[in-house]
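A structural walkthrough
Next come the chains, spelled out residue by residue.
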Amino acid sequence: CNNKPKILLMGLSKSGKTSIRNVIFHKMSANETQFLDPTHKIDKVDISNKSFLDFQLWDFPGKLDISHLRDKEDTSTIEKIFEEARVLIFVIDPVEEKHSIAIDRLHGTILEAYKINPKIKFEVFIHKSDSINEDQKIDNIREMTHRINRKLMSAGLQDRILISFRTTSIYDHSIFEAMSIVCQQLLENILSPFENILNAFVSSNKMEKAFIFDLHPKIFIATDSSTFDMPTYELCCDMLDLIADMGCIYQEYEGGEERGVFSTCSVIKLNDTLLHLKQINRHLALVCIQMQQDTACTQGIVDYNFQQLKHGIQEVLKVANL
């Protein structure tokens, strides 16, 4: 357990950290999160049950300022927090929080983390973005990027530390997209082979876009190299939700063991669009989009090409020991 990669989830109180964790990894509805109790201590959660992903998520209480721990705790406490962390997510509520307090906390946390672990990656989720318009989202990212870069410049670290800013909300698919990108940073050794396999599949079947999803958290761990657009991603997520709601993702076999039931490709027609879903293994599924005018490939050809994709994915996982 101690050898698992860690993702740290930090931010001020009421920024939405625990809600993010529960919506993605515990299938809680967004509306239910308003009844969650505040986090009072570091909550260490193993993300592995029913999931391809295998890591620890550390949810930090908003009142805990890591940059002040050095004055109160043994230095080893801070080192244990950051030394094995792969990604640090800092969540900011642009509506209720004072930006200066959040930016100061973010800056202090980044300095402490980088000092101990220069390889750690930093992600800032500008959260609850459903309550602001597109112009405000752009302005928030621009303002926060400028302010934190100015602070890093004063410390001489602006060229050493890269911070990614993303607008997120638990009321749409943006939080799943953002967490997908974060989790992919734990799988860097398989991303390129997966992308190449998906590129070949998309090309040979005239698909618009293809994703490999980790079924339980609904996180995509890979996609092809064609342009990503949110509506396409949302369509694929909606298909997963639909199949799950129909009770088709899992089926209980004799002995009570859960196994996937996609022996053939599930296809849903939506206007002039075809959505294909095919389970790769217990945890992973291929979801792809095809325009109906591009359906020169018969279902038999698609199924055959999927078997080649499935074999390629399994070989990559075997080499990576996953």
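Starting afresh in each chain, residues are numbered from 1 along the sequence in its written order. With pLDDT at 70 or above as the cut-off, local features in this predicted model cover only qualifying residues; side-chain atom pairs require 80 or more to be listed or tallied, and sums for whole chains, interfaces and linings still use all residues. To get the side-chain values, take all heavy atoms of the structure and skip hydrogens and water.

**A word on the overall build of the protein chain**
Helix and strand counts for the protein chain come out as 9 helices and 13 strands. Sorting the 322 residues of the protein chain into buried and exposed places 50% on the buried side. In the protein chain, the proportion of contacts linking residues at least 24 apart, taken out of those at least 6 apart, comes to 68%. Summing over all exposed atoms, the protein chain offers an accessible surface of approximately 15900 Å²; the carbon and sulfur share of this is 48%. Numbering goes from the N terminus for both helices and strands, where a helix is a DSSP run of H or I of at least four residues and a strand is a run of E of at least two. Buried residues are those whose accessible area, probed at 1.4 Å on protein chains only, stays under 20% of the maximum for their type, while exposed residues exceed 50% and partly exposed ones sit between those limits. Any two residues whose heavy atoms approach within 4.5 Å are treated as being in contact. Residue-level accessible areas treat just the shown protein chains as cover; the underlying method is Shrake-Rupley with a 1.4 Å probe.

**Brief notes about helix 1 (residues 17–25)**
In terms of burial, helix 1 is a largely internal element, 9 of the 9 residues being buried. Where helix 1 is concerned, the buried positions are K17, T18, S19, I20, R21, N22, V23, I24 and F25. Following helix 1 by one or two positions, K27 adopts a phi angle in the positive range, close to 55°.

**Quick word on the sheet that holds strand 1 (residues 6–11)**
Pairing is mixed across the open sheet formed by 6 strands, whose spatial order is 2-3-1-4-5-6. Strands with a single pairing partner mark the edges of an open sheet, and in this sheet they are strand 2 (43–47) and strand 6 (163–167). When the angles between neighbouring strand axes are averaged without regard to direction, this sheet yields 20°. Inspection of the sheet shows strand 4 (residues 85–92) paired to strand 5 (residues 121–126) by 6 bridges, in the parallel sense. Of the residues in strand 5, the one forming a bridge with I89 is E123. In this analysis an axis means a line fitted to C-alpha atoms, helices contributing only their contacting stretch, and an angle means the value between N-to-C directions, from 0 to 180 degrees. The strands touched by helix 4 (residues 99–116) within the sheet are strand 1, strand 4, strand 5 and strand 6, with strand 4 carrying the most contacts at an inclination of about 175°. Should DSSP find at least two bridges between two strands, the strands are taken to pair.

**What about the packing of helix 4 against helix 5 (residues 134–154)?**
The contact between helix 4 and helix 5 brings their axes to 10 Å, and the two run at 45°. By the angle between their axes, helix 4 is oblique relative to helix 5. You can see that helix 4 and helix 5 cross each other, and the crossing is right-handed. Facing helix 4, whose interface residues are H99, S100, I103, D104, L106, H107 and I110, helix 5 presents N140, E143, M144, R147, I148, K151 and L152. Partitioning the contact of helix 4 with helix 5 into residue classes produces 6 nonpolar, 4 polar and 4 charged. When an angle is under 35 degrees it counts as roughly parallel; over 145 it counts as roughly antiparallel; between 65 and 115 it counts as roughly perpendicular; any other value is oblique. Left-handed describes a crossing in which the near helix is turned anticlockwise from the far one by less than a right angle; the clockwise case is right-handed. Three residue categories are used. Nonpolar comprises Ala, Val, Leu, Ile, Met, Phe, Trp, Tyr, Cys and Pro, charged comprises Asp, Glu, Lys and Arg, and polar comprises the others, including Gly.

**Here's the deal with the confidence of the model for the protein chain**
Across the protein chain, pLDDT averages 86, with 88% of residues at or above 70. Residue-level confidence of the predictor, termed pLDDT, takes values from 0 up to 100. Within the model, the stretch residues 252–258 combines pLDDT values under 50 with 10 contacts to residues more than four positions away or in other chains.

**Topic: the packing of aromatic side chains**
Each pair of aromatic rings taken from Phe, Tyr and Trp, with Trp reduced to its six-membered ring, is defined by centres within 6.5 Å and is described as stacked if the planes are under 30 degrees apart, edge-to-face if over 60, and tilted in the remaining cases. With the rule as written, the count across this model stands at 11 aromatic pairs. For the ring pair F211 and F213, a centre distance of 5.8 Å and an interplane angle of 45° mean the geometry is tilted. According to the relative accessible area criterion, F211 is buried, its value standing at 0%. Judged by its relative accessible area of 0%, F213 falls in the buried class. Seen from their ring centres, F213 and F220 are 6.4 Å apart, and the 70° between their planes marks the pair as edge-to-face. A cation over a ring is seen here: K209 above F211, with NZ or CZ 5.9 Å from the ring centre. Should the NZ of a Lys or the CZ of an Arg lie within 6 Å of a ring centre and within 35 degrees of the ring normal, that charge is described as sitting over the ring. One Lys or Arg, K218, reaches over the ring of F176 and ends 4.5 Å from the middle of that ring.

**Considerations on the pattern of salt bridges**
Throughout this description, the term salt bridge denotes a Lys or Arg side-chain nitrogen within 4 Å of a carboxyl oxygen of Asp or Glu. Counted under the stated rule, the structure contains 16 salt bridges. Among the salt bridges present, the one from D139 reaches R142, with a minimum N-O distance of 2.9 Å. In this pair, D139 and R142 both sit in helix 5, 3 residues apart, roughly one turn of the helix. In this structure D139 comes out as partly exposed when scored by relative accessible area, which is 41%. Taking relative accessible area as the criterion, R142 reaches 52% and is therefore assigned exposed. In this structure, the salt-bridge partner of R147 is E143, at a minimum N-O distance of 3.3 Å. With R147 and E143 both in helix 5, this residue pair falls 4 residues apart, about one helical turn. Here E143 falls in the partly exposed class, since its relative accessible area comes to 31%.

**Description of unusual backbone geometry**
Comment: phi is negative for the bulk of residues other than glycine, and the bulk of peptide bonds are trans. The residue K14 is not glycine, and still its phi comes out positive at about 65°. Note on placement: K14 falls in the loop between strand 1 and helix 1. A positive phi angle, near 55°, is found at K128, a position not held by glycine. Within the fold, K128 resides in the loop between strand 5 and helix 5.

**Regarding the side chain of K137**
Position of K137 relative to the elements: it lies in helix 5. Note on K137: relative accessible area 15%, which makes it buried. The contact partners of K137, leaving out residues within four places of it in the chain, are S129, I132 and T167.

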